[in-house]
Amino acid sequence: MDTVFDFLPASIREQLKVLDHVDLEKLEEIRIRIGKPIEVNIAGYTRFFPFVVDSNTAIQLLNNLGKHSFYTLEEELKRGYITIDGGHRVGLAGKVILENGSVKAIRDISSFNIRIAREKIGIANPLIPYLYDRRWHNTVIIGPPQTGKTSLLRDLARIISTGDKKHGIPPLKTAIVDERSEIAGCVNGIPQLSFGPRVDVLDGCPKAEGMMMMIRSMSPDVLIVDEIGRKEDSEAIEEAIHAGIRLVTTVHGESIDDLFSRPALKSIMDQNIFERYVILSRQRGPGTVMAIQDRNFKHLRLGRVFQYD
Amino acid sequence: MIKLIGALCIFLACGFCGMEISKRMAERTKQLRLFIAALESLEAEIVYGHSLLHDASRRIASQLEGPVSNIFRFFSDKLVREETTAKNAWKESLDKYWKKSALKTAEYEILLQFGETLGRHDLEQQQKHIRLAITHLEREEKESYRRQTTYGKIANNFGFLSGLLVILLLI
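Here is what the cut-offs are and how they apply
- Residues numbered from 1 in each chain as written.
- Chains lettered and ligands numbered in written order.
- Predicted model: local features only at pLDDT ≥ 70, side-chain atom pairs only at ≥ 80, totals over all residues.
- Helix = DSSP H or I, 4+ residues; strand = E, 2+ residues; numbered from the N terminus.
- Rg over C-alpha atoms; globule rule 2.2 N^0.38 Å.
- Buried ≥ 20, exposed ≤ 12 C-beta atoms within 10 Å, placed from the backbone.
- Contact = placed C-beta atoms within 7 Å.
- Pairing = 2+ DSSP bridges.
- Axes fitted to C-alpha atoms, helices over the stretch in contact; angles between N-to-C directions.
- Nonpolar A, V, L, I, M, F, W, Y, C, P; charged D, E, K, R; others polar.
- Core = buried A, V, L, I, M, F, W, Y, C linked by C-beta atoms within 7 Å.
- Domains from an automatic or database assignment.
- pLDDT = per-residue confidence, 0-100.
- Parallel < 35°, antiparallel > 145°, perpendicular 65-115°, else oblique.
- Left-handed = near helix turned anticlockwise from the far one by under 90°.

A. View of the overall build of chain A. When helices and strands are tallied, chain A shows eleven helices and 16 strands. Its C-alpha atoms give chain A a radius of gyration of 21 Å, near enough to 19 Å, the size a compact globule of 309 residues would have. Taken along the three principal axes of its C-alpha coordinates, chain A extends 60 × 45 × 35 Å. Out of the 309 residues belonging to chain A, those deemed buried represent 39%. Within chain A, contacts between residues at least 6 apart in sequence are counted, and of these 59% link residues at least 24 apart.

In structure tokens, the structure reads:
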């Protein structure tokens, strides 16, 4: 939490001092816009501070985020967000500069959205018996946005790379291809969130290429990838599975049927590559596990909905 | 006897004055060259190394010596420790060590101008601004070197000769 405040200009930090530790624990977003009051989202509630942010404060904030080195932010300004220490992410909006019709950078940044990354360590523990049986099963986590797919994936990566004494699972070589810097929250290539000792991260790398790179160079036991869905992805997945690598991934959707209806995923679904399907929803808040199904779509936890978190 | 000692004192004092003036000229050229070298390193650090401004400055400070090194070291510290802009930190660093350097107002203006652009542009623009500052400094350096070669020796000799003149007048 302190790391986020280190990046804020003194005048904004002063304003946020009134938040107590209960608020801070549930803090989700700090939104800063030029000429507008500061907005803070705490556990779904919005709170405004009367302090109006002027452009100097915004410049100061950007200076702090880029450590006074705007030229190092080129890639970040193209993607529209900056990952800072602690894995928190700052989304940016402003004037977009184009080059050959595609986004080159955002200039004159007027809105900042600081999203607090919160690790949910241990949320995947109840799932271990379903996903591990002498070896990790190829698993896909299915859920609509904001259902905690990435949090669950991250915790699984942590467990796989640390091992689990209770279930007798040894730590395995875990390769994470983190296209959007969301799983590991890397700063300068170093993961900011907690993982075991045997984790390797390709940060900001396109998934399909990244998976192939990892297979070729890092000899992983388990490959962790977020949000597959393009055609190249499924080719890389086939490659990985046939190389004997276990795969844990997520996909947008509400049920297994949604996977069949996506043309890009059809071929891997037809080959019946995935052995476990974990279906998430927001029914009882983010992270509600609706079902766990095996490769024949048999329910392993029939009728028992539970929520981690 | 006392007359002789007095004459010697005058002679030496004037001589050293002249030497000092000529040394300052040489010193200015040397420091300008150091600054040019520093900016070239900065360019390499930024363009090829993608280093952060404070890291790059710290490294440059450790490679160099004298006031130029001090300026970069102070600048780096300021960026890390204080809430400021690169422009202000740069200006404060220049002001702090400028008096101790042999550099003149012309260079000061160039470097101040350069400071305005620090850390505010993308890679390409930043490189252009560094190159521009280097070009300006090189011009000053050439000018300074020319002055040093033509007037440096003169100042040196003129010191001793003027000492002699004073002595002759007094005797």
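Now that the structure has been shown, we can carry on.
B. Quick look at the sheet that holds strand E4 (residues 81-83) of chain A. All names here are of chain A. Taken in spatial order, the six strands of this open sheet run E3-E2-E1-E6-E5-E4, and their pairing is antiparallel. Looking at which strands have only one partner, the edges of the open sheet turn out to be strand E3 (45-52) and E4. Recorded for the sheet is a direction-independent mean angle of 30 degrees between the axes of neighbouring strands. Pairing of strand E5 (residues 89-99) with strand E6 (residues 102-115) involves eleven bridges; the strand directions are antiparallel. Bridge pairing in E6 places Leu98 opposite Val103.

C. View of the interface of chain A and chain B. The interface is formed by twelve residues belonging to chain A together with 15 residues belonging to chain B. In terms of residue class, the side of chain A that touches chain B is built from five nonpolar, five polar and two charged.

D. Structural view of the nonpolar core. In this structure, A:Ile32 and B:Ala133 are the most contacted members of the largest nonpolar core, which totals 57 residues. Of all the elements, helix H1 (residues 2-47) of chain B adds the most residues to this core, at six residues. Those residues in contact with B:Ala133, other than ones at most four positions away along the chain, are B:Leu39, B:Ile110, B:Leu111 and B:Phe114. Within the second largest apolar cluster, 51 residues are counted, among which are A:Val140, A:Cys186, A:Val222 and A:Leu280.

E. Spatial organisation of the domain arrangement of chain A. Residues and elements named next belong to chain A. Along its sequence, chain A is carved into domain 1 (2-115) and domain 2 (125-307). Taken over C-alpha atoms, the centre of domain 1 sits 30 Å from the centre of domain 2. The interface is formed by five residues belonging to domain 1 together with six residues belonging to domain 2. Its residues placed into classes, the side of domain 1 that touches domain 2 shows one nonpolar, three polar and one charged.

F. Main features of the pairing of strand E14 (residues 276-281) of chain A. Residue and element names in this part refer to chain A. Buried residues dominate E14, accounting for six of its six residues. By the alternation rule, side chains of E14 split into Arg276, Val278 and Leu280 and Tyr277, Ile279 and Ser281, which are all buried. Bridge analysis of strand E7 (residues 139-143) against E14 gives four bridges, and the strand direction is parallel. Opposite Thr139, over in E14, you have Arg276 as the bridge partner. Note that E14 and strand E15 (residues 288-294) share six bridges and pair antiparallel. Looking across to E15, one finds that Ile279 is bridged to Ala291. Here E14 folds back onto E15 in antiparallel fashion, the turn holding six residues, of which Gly285 has a positive phi close to 90 degrees.

G. View of the confidence of the model for chain A. Taken residue by residue, chain A gives an average pLDDT of 87. The fraction at 70 or more is 97%. Model confidence for chain A, summarised as mean pLDDT per element, is weakest for strand E16 (residues 306-307) of chain A at 58 and strongest for strand E12 (residues 222-225) of chain A at 94.

H. Spatial organisation of the packing of helix H2 (residues 53-63) of chain B against helix H3 (residues 66-81) of chain B. Residue and element names in this part refer to chain B. Where H2 meets H3, the axes come as close as 8 Å, and the angle between the chain directions of the two elements is 150 degrees. Accordingly, the angle class assigned to the pair H2 and H3 is roughly antiparallel. You can see that H2 and H3 cross each other, and the crossing is left-handed. Along its contact with H2, which presents Leu53, His54, Ser57, Arg58, Ile60 and Ala61, the element H3 presents Ser69, Phe72, Arg73, Phe75, Ser76, Leu79 and Val80. A per-class count over the contact of H2 with H3 returns seven nonpolar, four polar and two charged.

I. How the structure looks around the pairing of strand E11 (residues 199-203) of chain A. All names here are of chain A. With four of five residues buried, E11 lies mostly within the body of the structure. Inspection of the sheet shows strand E8 (residues 174-178) paired to E11 by five bridges, in the parallel sense. In the strand pairing of E11, Val177 is matched with Leu202.

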